[in-house]
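Close look at the chain arrangement
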Amino acid sequence: MPGTHISEGILTNITNPFRTSVPEHSKELQPLMANTVPQTGQKKAQAPENSEQRSPTGSSSRAKVKAKLARLVSYFAGDMAPFAEWMKGQFILIQILDWVLRGAAQVMFVNNPLSGLIIFAGLILQSRWVALNGFIGTLSATISALILKQNRGAIAAGLYGYNGILVGLLMAVFSNAGDWYWWLLLPNIFMSMACPIVSSALASINSRWDLPVFTLPFNILVCLHMVATGHYNLHFPQVLFQPRTSFPNLTWSELDYALLFRSIPVGVGQVYGCDNAWTGGIFIIALFISSPITCVHAVIGSAIGMVSGLALAAPFENIYFGLWGYNCVLACIAIGGMFYALTWQTHLLAVACAFFCAYLGSAISNVMATFSLPACTWPFCLSALTFLLITTETKTIYKLPLAKVAYPEKNLIYFWKMKKEERAEKLRKAQEGMQEKEAQMGKAEVKITIGSQEQEQQEQPEDSAERTVTDTSDKENSTENETFTVST
């Protein structure tokens with residue numbers, strides 16, 4: 001490590017202070033030079049040297065421990081960058097499996113294959129048929145992106161797979177034909193392979209404002225499939241969605257607080273269309289492994305959705321079912337450290353976005369139900385894009401460039417480094433300004449001294465001229481006196 005080389009060089013210079021300071025022609029004087037200091041002085045001088053030797057070794061050992069710990073954590077947390085580098089040299093089928101796992105986790109803005117594997121485990125716990133449709137959807141979308149020769153880095157990060165898994169999962173969830181209806185795999189594969197096409201088209205538009213695509217391709221394609229088939233289709237019947245036509249029967253004394261708190265993990269699970277609390281808990285663990293900040297904001301978003309449902313007098317069944325939480329989960333994650341650098345201001349902004357998303361979700365659900373369509377993740381997309389387009393002069397609300405977005409912890413480190421560089425640049429400019437002012441003052445002083453010297457030089461000829469005039473007048477007076485004495 002670079003730090004260890006530097007500390008070793010310092011130690012060698014401290015332990016051998018006379019190694020390079022004594023010239024070759026005075027080597028015979030070294031014993032005399034060493035004995036010139038009294039013995040007591042040598043002991044006193046050795047004490048600070050020993051303390052100086054201990055402090056670099058202690059700091060270097062702590063730096064080594066921190067570096068090893070960070071390296072160990074990077075093998076399973078964050079975006080697993082060392083594992084991604086190792087996968088580049090592996091067989092293409094193994095790479096595709098890694099991309100599929102990352103695509104499954106990218107639904108929650110997580111670029112981690114271990115989290116994706118845990119998410120698939122939660123999906124299997126929910127329903128093996130639903131999990132199979134999700135895997136086929138992710139695989140189809142990834143292969144389609146490879147065929148279209150999209151950006152290989154984006155494919156490896158799972159950015160072309162997460163819409164595919166949502167298409168596969170929700171087509172199975174909204175299907176009214178029951179489980180293990182194998183013909184459903186045909187529209188699943190077709191719609192999933194269309195995801196990279198829609199994603200690329202939307203990215204060419206959103207890139208003008210440096211905005212992500214989010215789950216807009218999933219919303220477009222699932223709504224397209226449901227409108228094309230409908231509830232009364234012979235081959236692919238869909239679940240019937242109807243608007244409310246009467247007041248819900250709300251009795252606040254019948255509110256089940258256990259189910260209410262259970263709705264928080266269920267809301268996280270409903271991001272993937274799962275209503276099992278254990279599955280939602282597994283998803284929370286997957287988020288925590290990759291990014292604790294993402295995990296915290298996911299739980300906060302689901303709780304905000306639950307509170308908003310109670311405030312808007314939503315049916316208790318919908319709140320227990322997590323339908324008020326999943327859009328708020330995604331909105332709170334997106335604003336709370338993912339696309340904005342995490343500060344307490346952006347944290348409050350994420351909370352506000354989650355409340356806004358809950359209200360918008362209720363409105364969109366009522367509108368979409370009139371067309372027998374679900375709300376999907378339209379509320380999340382519209383609310384998150386709205387909050388990413390805001391302008392403010394607050395420097396602590398910093399929107400990250402889309403190319404620099406990774407995961408909240410890494411985004412925060414990038415933000416701190418940028419602020420540190422800005423402070424260093426300001427300090428450098430201030431020092432340059434002070435130097436320029438000093439240089440200008442020095443030039444002014446030089447001009448003043450030059451002007452005074454010129455004035456002195458001009459005054460010196462005048463004094464010499466006066467002196468010559470006085471000398472000539474004295475000579476004339478002396479000659480007149482001499483002629484006067486001669487005449488007498």
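Residues numbered from 1 in each chain as written. Predicted model: local features only at pLDDT ≥ 70, side-chain atom pairs only at ≥ 80, totals over all residues. Heavy atoms only, no water.

All right, on to the pattern of salt bridges then. For the structure shown, the criterion picks out six salt bridges. Put simply, Asp210 and Lys399 hold a salt bridge, and the shortest N to O gap is 3.9 Å. Residue Asp210 is found in the loop between α10 (185–206) and α11 (216–229), and its partner Lys399 is found in the loop between α18 (378–388) and α19 (408–487); the two are separated by 189 residues along the sequence. Residue Asp210 is classed as partly exposed on the basis of its relative accessible area of 29%. As a salt-bridge pair, Lys419 and Glu422 come within 3.8 Å of each other at their nearest N and O atoms. (Salt bridge = Lys/Arg side-chain N within 4 Å of Asp/Glu carboxyl O. Helix = DSSP H or I, 4+ residues; strand = E, 2+ residues; numbered from the N terminus. Buried < 20%, exposed > 50% of the residue type's maximum accessible area, 1.4 Å probe, protein only.)

The subject of this paragraph is the side chain of Asn411. By secondary structure assignment, the location of Asn411 is in helix α19. Among the residues examined, Asn411 registers a relative accessible area of 1% and is labelled buried. With sequence-adjacent residues up to four places away left out, Asn411 is seen in contact with Gly337, Met338, Leu400, Lys404, Val405 and Ala406. (Contact = heavy atoms within 4.5 Å.)

Turning our eyes to something else, we now look at the state of the cysteines. The final tally for this structure, using the stated rule, is zero disulfides. Cys353 takes part in no disulfide bond, and the closest cysteine sulfur to it belongs to Cys357, at a distance of 6.3 Å. For Cys353, a relative accessible area of 0% corresponds to the buried category. (Disulfide = S-S within 2.5 Å.)

What follows deals with the packing of helix α6 (residues 113–126) against helix α7 (residues 128–147). The N-to-C vectors of α6 and α7 enclose an angle of 140°; their axes lie 6 Å apart at closest approach. Judged on the interaxial angle alone, α7 and α6 are oblique. Taken together, the residues of α7 that come into contact with α6 (itself represented by Phe120, Leu123 and Ile124) are Arg128, Ala131, Gly134, Phe135 and Thr138. Classifying every residue of the contact of α6 with α7 by side-chain character gives five nonpolar, two polar and one charged. (Axes fitted to C-alpha atoms, helices over the stretch in contact; angles between N-to-C directions. Parallel < 35°, antiparallel > 145°, perpendicular 65-115°, else oblique. Nonpolar A, V, L, I, M, F, W, Y, C, P; charged D, E, K, R; others polar.)

The grouping of Leu69, Leu72, Val73, Tyr75 and Phe76 at the surface amounts to a nonpolar patch, some 470 Å² of accessible area in total. When you line up the elements, Phe76 lands in the loop between α3 (39–74) and α4 (81–87). The class for Phe76 is partly exposed, based on a relative accessible area of 38%. (Patch = residues over 30% accessible without salt bridge, like charges linked within 9 Å, V, L, I, M, F, W, Y side chains within 5 Å. Areas by Shrake-Rupley, 256 points an atom, 1.4 Å probe, with all protein chains shown as cover.)

To continue, consider the environment of Val239. One can find Val239 in the loop between α11 and α12 (257–269). In this structure the C-alpha to C-alpha distance between Val239 and Pro374, which are 135 residues apart in sequence, comes to 9.5 Å. The contacts of Val239, once residues within four sequence positions are left out, are Val173, Phe174, Ser175, Asn176, Met226 and His231.

For the pair α12 and helix α13 (residues 277–290), interaxial distance at closest approach is 7 Å and the crossing angle is 70°. Between α12 and α13, the crossing angle belongs to the class labelled roughly perpendicular. Like other packed secondary-structure pairs, α12 and α13 cross with a definite hand, here left-handed. Here α12 contributes Arg262, Pro265, Val266, Val268 and Gly269 to the contact with α13, which in turn contributes Ala277, Gly280, Gly281, Phe283 and Ile284. Its residues assigned to classes, the contact of α12 with α13 shows six nonpolar, three polar and one charged. (Left-handed = near helix turned anticlockwise from the far one by under 90°.)

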